[in-house]
Amino acid sequence: ERAFFIHMTQHLVLAMFAAPLLLAASPVSVYLWALPDRVRLGLGASLAKKGALRRAGEFLVRPPVALLAFILTFYIWHLPAAYGAALENEGVHYVQHVTMFASGVLFWWPIIGPAPMRSELSYPQRLLYLVLVVTPKALLAAIITLSNHVLYPFYVDAPDLWGISDAEDQRIAGLLMWLPGNLVFLGALTVLFFKWYEKEEGSLSGQGSGLRGGKSGHD
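A short tour of the structure in this document, coming up.

About the thresholds
- Residues numbered from 1 in each chain as written.
- Predicted model: local features only at pLDDT ≥ 70, side-chain atom pairs only at ≥ 80, totals over all residues.
- Heavy atoms only, no water.
- Axes fitted to C-alpha atoms, helices over the stretch in contact; angles between N-to-C directions.
- Helix = DSSP H or I, 4+ residues; strand = E, 2+ residues; numbered from the N terminus.
- Parallel < 35°, antiparallel > 145°, perpendicular 65-115°, else oblique.
- Contact = heavy atoms within 4.5 Å.
- Nonpolar A, V, L, I, M, F, W, Y, C, P; charged D, E, K, R; others polar.
- Salt bridge = Lys/Arg side-chain N within 4 Å of Asp/Glu carboxyl O.
- Buried < 20%, exposed > 50% of the residue type's maximum accessible area, 1.4 Å probe, protein only.
- Lys, Arg positive; Asp, Glu negative; His and termini not counted.
- Expected span 1.5 Å × (residues − 1).
- Bend = angle between axes of the 7 residues up to and from the residue.
- Phe/Tyr/Trp six-rings, centres within 6.5 Å; stacked < 30°, edge-to-face > 60°.
- Lys NZ or Arg CZ within 6 Å of the ring centre and 35° of its normal.

1. A closer look at the packing of helix H6 (residues 80–88) against helix H7 (residues 90–112)
Next, step 1: Packing of H6 against H7 leaves a shortest axis separation of 5 Å and a crossing angle of 120°. As far as their axial angle goes, H7 and H6 are oblique. Facing Tyr-83, Ala-85, Ala-86 and Glu-88 of H6, the residues of H7 in contact are Glu-90, Val-92, His-93 and Gln-96.
Next, step 2: Looking at the contact of H6 with H7, its residues break down into four nonpolar, two polar and two charged.

2. Notes on the pattern of salt bridges
Next, step 1: In total, this model carries two salt bridges according to the counting rule given.
Next, step 2: Arg-40 serves as the salt-bridge partner of Asp-37, at 2.8 Å between the closest nitrogen and oxygen. Highlighted residues: Asp-37 and Arg-40, both in helix H3 (residues 37–46), separated by three residues, approximately one helical turn.

3. Regarding the side chain of Lys-137
Next, step 1: Assignment of secondary structure puts Lys-137 in helix H8 (residues 123–146).
Next, step 2: One buried charged side chain, Lys-137, makes no salt bridge at all; its nearest oppositely charged neighbour is Asp-169, positioned 17 Å away.
Next, step 3: Residues within four places of Lys-137 in sequence aside, it is in contact with Met-16, Phe-70, Phe-74, Met-177 and Phe-185.

4. Considerations on the environment of Lys-137
Next, step 1: Given the relative accessible area of 3%, Lys-137 is considered buried.
Next, step 2: With 60 residues separating them in the primary sequence, Lys-137 and Tyr-197 have C-alpha atoms 27 Å apart.

5. What about helix H1 (residues 4–24)?
Next, step 1: With 21 residues, H1 should cover 30 Å at 1.5 Å per step; its first-to-last C-alpha distance of 29 Å lies within 8% of that length.
Next, step 2: In H1, a bend of some 35° at Val-13 exceeds every other bend along the element.
Next, step 3: Buried within H1 we find Phe-4, Phe-5, His-7, Met-8, His-11, Leu-12, Leu-14, Ala-15, Met-16, Ala-19, Pro-20 and Leu-23.
Next, step 4: Note on H1: the residue one or two positions beyond its end, Ser-26, has a positive phi of about 45°.

6. Quick notes on the packing of aromatic side chains
Next, step 1: Applying the stated criterion to the full structure yields 15 aromatic pairs.
Next, step 2: For the pair Phe-4 and Tyr-152, a centre-to-centre distance of 5.1 Å together with 75° between the ring planes defines the contact as edge-to-face. With a gap of 148 residues between them, Phe-4 in helix H1 and Tyr-152 in the loop between H8 and helix H9 (153–157) connect regions that are remote in the sequence. Take Phe-4 and Tyr-152: they sit in the same class, and that class is buried.
Next, step 3: Where Phe-70 meets Phe-74, the ring centres are 5.4 Å apart and the plane angle is 55°; that geometry is what we call tilted. Of this pair, Phe-70 and Phe-74 are both found in helix H5 (residues 63–77), four residues apart, which corresponds to roughly one turn of the helix. Phe-74 matches Phe-70 in its accessibility class, with the two residues each being buried.
Next, step 4: Through successive ring pairs, a cluster of aromatic residues spans Phe-70, Phe-74, Phe-107, Trp-108, Tyr-129 and Phe-185.
Next, step 5: The ring of Tyr-123 has Arg-126 sitting right over it, with the charged end atom 5.1 Å from the ring centre.

Purely geometric numbers; function is a separate question.
Here's what the structure looks like:
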C-alpha cells in the first residue's frame, strides 16, 4: 500500500498471471473431488449441462460479458475515489483484489476454455477477442503514466520509498500496466496463432492423405 508500482504489480499478478495459469490447470474436477460427498454431488449436479450454476457460468464467460467485466473492473478500481477507498479500508481492499482476480478468470476463460465450459471460439475469434482488450488497457495505462499530477492522494502522505517520488512511482506503475501487461497479451496472441497454424496444417495434411489414399484405392 505504500508504493503504487508494487500495488500495481500485485494487481497484474492476480488478473494477468494467476487467473490464466489457474485455468490452464483445468482445476474444477480436482476441486470437486476435494469436497465432501454431499457438497460434491450437489455442485456436480449444478455444473451438469442444464444445471443452474452451469447456465450462470456460461453466461458470465460469454466473450462480450467477460470482456466488458474485465475492462470495467480495472477502470472502476483505478478511479481515485475507489482506489483510495481500497487503500484506506481493508475490507474494500479485499473486495478489490477478489473482483480483479474474478474478472481475470472470466476474461481468460473464453481463450483457455477449461472444463466444464469449453470455449466455443475458433482460433481467429480468440485472436480478435484478445486484440479488443489491448487498446482499453493501454489507454488506462497511458492516463496513469502521462498524468501531470498525482492521481491518488493517499500516496502523497505515504513516505517515499527508495528515493522514488510520488510522480515517479505513478509513472512506473503506469508503465508496468502498459508494457508487461501488453506483453502478456502478445504472448497469448503468439501461442494462439501457432496453435491455429498447427491445426490448419494438420487439417491440410489430413486432406492430402485422404486424397492420396482415395487415388491409390481407385487404381
